[in-house]
Amino acid sequence: MNEHSRVLERDELEIAETLRSPDVDLRLPAVLPREPYPIEPLTPDARQQTRAVGQRATRSDARLHGLGQTKYIDDLSFPGMLYARIKRAGIASARIKRIDTSAAEAMPGVMAVLTGKEIPTNSFGPTFQDQPVLADPIVRHAGDGVAAVAAVTEQIANEALAKIVVEYEPLPAVLDPVAAMREDSPKVHAPNSNIYATKVVRKGDIEKGFAESDRIFEARFSTQMIEHVSLEPHAAIADWDANGRLTIWATIGRITLARADMARTLKLPMSRIRIIGTIVGGNFGGKNEISQEPALALLSKKTGRPVKGVFTRGEEFTATTTRHPIIMDYKTGVSNKGRILARQIRLVLDGGAYCSWSATTLGKACILSPGPYKIDNVLAEAFVVYTNKTMTGAMRGFGAPQVCFAYESQMDDIAKALGIDPLEIRLLNAFDEGSSSPTGQVLHSVVVKESLRKAADRFGWEPRS
Amino acid sequence: MIVNGQVRGASVPPETTLLQLLRDNFNLTGAKLGCDVGDCGACTVIVDGQAVNSCLMLAGQAEGRQILTIEGLASRERLHPIQTAFENSGALQCGFCGPGVLLSAKALLDENLNPSTQEIRDALSGNLCRCTGYTKMIEAVQDAARLLREESRTQLTHARTEATAP
């Protein structure tokens, strides 16, 4: 045997498996060596526009959409396919004392019933794995699934849900994010604190900035929970075949992440899972993680038949992620001329019952909260907290639209109080080429002032003001 | 009933909706299930010339009537001008609301070949879209109306030439 190689012992195998990465040595000889990235960047220089801008482009898939030939998941069906429905808790915070599925299982046409106990690893999540596929034993929001049914028709599955008896012991719920931050509030994920991620951005000396300011403005802004309402509901089909291989047709936007998550929840090697990302009828961030897929997979395993699950519109609102409501406290110090000298921000994000993409949203909201303005003294603190509500997650902008609403509203308030034109106060404070952001990033190709002027010119700001 | 010009029939339970009949029995999956309560319009089909939410109509109610679904809009030879216009205007992004919007537009243009913007808005008011927005759709319907007007004019000219030919 070659002295450089040896056969691994059994207990070393697992470690070796985790260390294996896309190694050049592992590639087949037929695969060409990896080309280095092109040295010449394909992006145009700053302030240069590509020729594509201003051109009208048509989508390559638009014709099939228009012909009604595009196949979304709900348009697919397989021989012997069953329909799955999930029973929702309907209670914000509780402990499940007992689930009786016998009446449902006895129904003709019901092929399998699944509860949280049967799931190999009953948790998932893109950041923290804090969300159960089916609640067991703690229900943390009303949209939590408690049991899943696979039946020959959707109607039988619905009737079976009504026959599943769940006994709950209600637990105290916390619904207000600010109250949830208090030490004595009920813990959503006991014994852990309800604050599950924080971020602080500090620049300059905030006290000095306020001391130098002529006027200080304080205001609280808040936004509400928003659902993506993509026209196509969350849908998936799972087929666990007799060889132990699992195929999932899913509307998920991040199929590789979903594959890793599925491998974890099902304790199945990733090589046995194939996820087919079909055409998606609208995502907007709402379909970025798995939801019902592990339950469908296990129902398929139990029945040996493909299982389709499509959320109802109601479930879309209660059991899928939403946009974070944020309570935003802004304190801004300005000179009499309207120059912002200091800005202190405190954001409280209502994270709902599970983390999902909250940590990502928190970061982006916090970094962008001072706005596109040159401010020397900034302190932004952001917290995301658990509450017994529908979980919040990714949605277009990842927290940026909420803070934009707050800082731009306050800019208008300041302009009004100081008697300055709202456009002028923005031009006075906005980033320039080479300005540094609150996190210290030096910004290039900054055209915010030009854009503002051009926009004001186009829609006729002067005559209106 | 007559679906897309063909006589079709099926025996289904009385609670079956027209949408379920079309999708599950006739495999016409162009009409989509979006909300199941008649809010979103993704299930729009044309019944006797009128755009209806097929999730709110029972299959039995459609007996003996003329149904047009998105699959019946184009012929084998060519796209319907509404389809061409929607494709060219970029009015279909994810496309889930598309079949319903196109059929609402078709029902409008069958009645009125020169609709005002407000009339188009009214006709599409029962169809929700979350990706594209409605500006491009309205443009597309106007384009389609123009195409259809030109077509009917050429047809008229043809008819006249044929009539006057010796």
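A few points on the structure. (Residues numbered from 1 in each chain as written. Chains lettered and ligands numbered in written order. Predicted model: local features only at pLDDT ≥ 70, side-chain atom pairs only at ≥ 80, totals over all residues. Heavy atoms only, no water.)

### Observations regarding the overall build of chain B
- Of the regular secondary structure elements, chain B holds 5 helices and 5 strands.
- Going from N to C terminus, chain B has its helices and strands arranged as β-β-α-β-β-β-α-α-α-α.
- Its C-alpha radius of gyration of 17 Å places chain B within 12% of the 15 Å reference for a compact globule of 166 residues.
- Restricting the contact set of chain B to residue pairs at least 6 apart, pairs at least 24 apart contribute 59%.
- Surface exposure of chain B reaches about 8,200 Å², of which carbon and sulfur atoms provide 48%.
- Counting 14 positive and 18 negative side-chain charges, chain B places the averaged centre of each group 5 Å from the other. (Helix = DSSP H or I, 4+ residues; strand = E, 2+ residues; numbered from the N terminus. Rg over C-alpha atoms; globule rule 2.2 N^0.38 Å. Contact = heavy atoms within 4.5 Å. Areas by Shrake-Rupley, 256 points an atom, 1.4 Å probe, with all protein chains shown as cover. Lys, Arg positive; Asp, Glu negative; His and termini not counted. Charge placed at Lys NZ, Arg CZ, Asp CG, Glu CD.)

### Regarding the interface of chain B and chain A
- Every contact between the two is made by 30 residues of chain B and, on the other side, 29 residues of chain A.
- Both sides together, the interface formed by chain B and chain A hides about 2,500 Å², and carbon and sulfur atoms give 52% of it.
- Sorting the residues of chain B by area buried against chain A places Glu87, Phe96 and Arg130 of chain B first, and these three jointly supply 26% of that buried surface.
- Scanning the region where chain B abuts chain A turns up 4 salt bridges.
- Measuring nitrogen to oxygen at the nearest pair gives 3.6 Å for the salt bridge that ties Arg23 of chain B to Asp74 of chain A.
- Of all the secondary-structure elements, those providing two or more residues to the side of chain B that touches chain A are α2 (81–89) and α3 (98–111) of chain B.
- Per-element tally for the side of chain B that touches chain A: the top contributor is α2 of chain B, with 4 residues.
- The residue makeup of the side of chain B that touches chain A, split by class, is 15 nonpolar, 8 polar and 7 charged. (Buried area = accessible area lost by both parts, 1.4 Å probe. Salt bridge = Lys/Arg side-chain N within 4 Å of Asp/Glu carboxyl O. Nonpolar A, V, L, I, M, F, W, Y, C, P; charged D, E, K, R; others polar.)

### So, the environment of Arg215 of chain A
Residue and element names in this part refer to chain A.
- On the secondary structure map, Arg215 appears in strand β8 (residues 215–222).
- Once the C-alpha coordinates of Arg215 and Val334 are considered, the two residues, 119 residues apart in sequence, prove to be 5.4 Å apart.
- Among all residues touching Arg215, those that are not within four sequence positions of it are Thr332, Gly333, Val334, Asn336, Ala417 and Leu418.

### As for the packing of aromatic side chains
- In total, this model carries 8 aromatic pairs over all chains according to the counting rule given.
- Each ring, one from Tyr373 of chain A and one from Tyr407 of chain A, has its centre 6.3 Å from the other, and the planes form 90°; the classification is edge-to-face. In this pair, Tyr373 of chain A is assigned in the loop between α10 (358–368) and β17 (377–385) and Tyr407 of chain A in helix α11 (residues 400–418), connecting sequence segments 34 residues apart. Each member of the pair, Tyr373 of chain A as well as Tyr407 of chain A, carries the same accessibility label: buried.
- Through a chain of ring-to-ring contacts, the aromatic side chains of Phe128, Tyr196 and Tyr386 of chain A assemble into a single cluster.
- Taking the ring centre of Trp357 of chain A as reference, the NZ or CZ of Arg254 of chain A above it sits at 4.3 Å.
- Arg8 of chain B extends its terminal NZ or CZ atom over the ring of Phe26 of chain B, reaching a point 4.7 Å from the ring centre. (Phe/Tyr/Trp six-rings, centres within 6.5 Å; stacked < 30°, edge-to-face > 60°. Buried < 20%, exposed > 50% of the residue type's maximum accessible area, 1.4 Å probe, protein only. Lys NZ or Arg CZ within 6 Å of the ring centre and 35° of its normal.)

### Some remarks on the pattern of salt bridges
- In total, this model carries 24 salt bridges over all chains according to the counting rule given.
- A salt bridge links Glu232 of chain A to Lys287 of chain A, with the shortest nitrogen-to-oxygen separation between them at 3.3 Å. Remark: Lys287 of chain A occurs in the loop between β12 (273–277) and α8 (293–303) and Glu232 of chain A occurs in the loop between β9 (226–227) and β10 (235–240); sequence separation between them is 55 residues.
- Among the residues examined, Lys287 of chain A registers a relative accessible area of 1% and is labelled buried.
- The shortest N-O distance in the salt bridge between Asp432 of chain A and Lys374 of chain A comes to 2.6 Å. Pair noted here: Asp432 of chain A is in the loop between α12 (422–429) and α13 (448–458) and Lys374 of chain A is in the loop between α10 and β17, with a separation of 58 residues, a long-range link.
- Here the salt bridges share partners, and the residues they tie into one network are Asp74, Asp75 and Lys308 of chain A together with Arg23 and Lys32 of chain B.

### Quick notes on the pairing of strand β11 (residues 246–250) of chain A
All names here are of chain A.
- The buried count for β11 comes to 5 of 5 residues, which makes it a mostly enclosed element.
- Of the two faces of β11, the one lined by Leu246, Ile248 and Ala250 and the one lined by Thr247 and Trp249 are each fully buried.
- Relative to β11, β10 runs antiparallel, the two sharing 5 bridges. Each residue of the ladder has a partner; that of Trp240, found in β11, is Leu246.
- Counting the residues between successive antiparallel strands, the hairpin from β10 to β11 contains 5 residues, one of them, Gly244, with a positive phi of roughly 80°.
- Direction of pairing for β11 relative to β12: parallel, over a ladder of 5 bridges. Looking at β12, one finds that Ile248 is bridged to Ile275.
- The β-α-β motif built from β11, the intervening helix α7 (residues 255–266) and the parallel element β12 has right-handed crossover chirality. (Pairing = 2+ DSSP bridges. Right-handed = clockwise from strand over helix to strand, strands pointing away.)

### Thoughts on unusual backbone geometry
All names here are of chain A.
- The omega torsion of the bond from Asp136 to Pro137 falls at -5°, within 30 degrees of zero and hence cis.
- Mapped onto the fold, Pro137 is located in the loop between β3 (110–115) and β4 (138–139).
- Here the residue pair Ala190 and Pro191 is connected by a cis peptide bond, since its omega of 0° sits within 30 degrees of zero.
- By the secondary structure assignment, Pro191 is in the loop between α5 (177–180) and β7 (195–203).
- For Phe398, which is not glycine, the phi torsion reads 45° and is therefore positive.
- Take Phe398: it is sitting in the loop between β17 and α11.
- Take Phe398: its relative accessible area is 18%, and that puts it in the buried class.
- Unusually for a residue other than glycine, Ser445 sits at a positive phi of about 45°.
- Its location among the elements puts Ser445 in the loop between α12 and α13.

### Observations concerning the packing of α7 of chain A against α8 of chain A
All names here are of chain A.
- With their axes 10 Å apart at the nearest point, α7 and α8 run at an angle of 55° to one another. Taken together, the axes of α7 and α8 lie oblique to each other. In the crossing of α7 with α8, the sense of the turn from one axis to the other is right-handed. In contact with Met262, Thr265 and Leu266 of α7, α8 contributes Glu293, Pro294, Ala297 and Leu298.
- Of the residues that constitute the contact of α7 with α8, the class distribution is 5 nonpolar, 1 polar and 1 charged. (Axes fitted to C-alpha atoms, helices over the stretch in contact; angles between N-to-C directions. Parallel < 35°, antiparallel > 145°, perpendicular 65-115°, else oblique. Left-handed = near helix turned anticlockwise from the far one by under 90°.)

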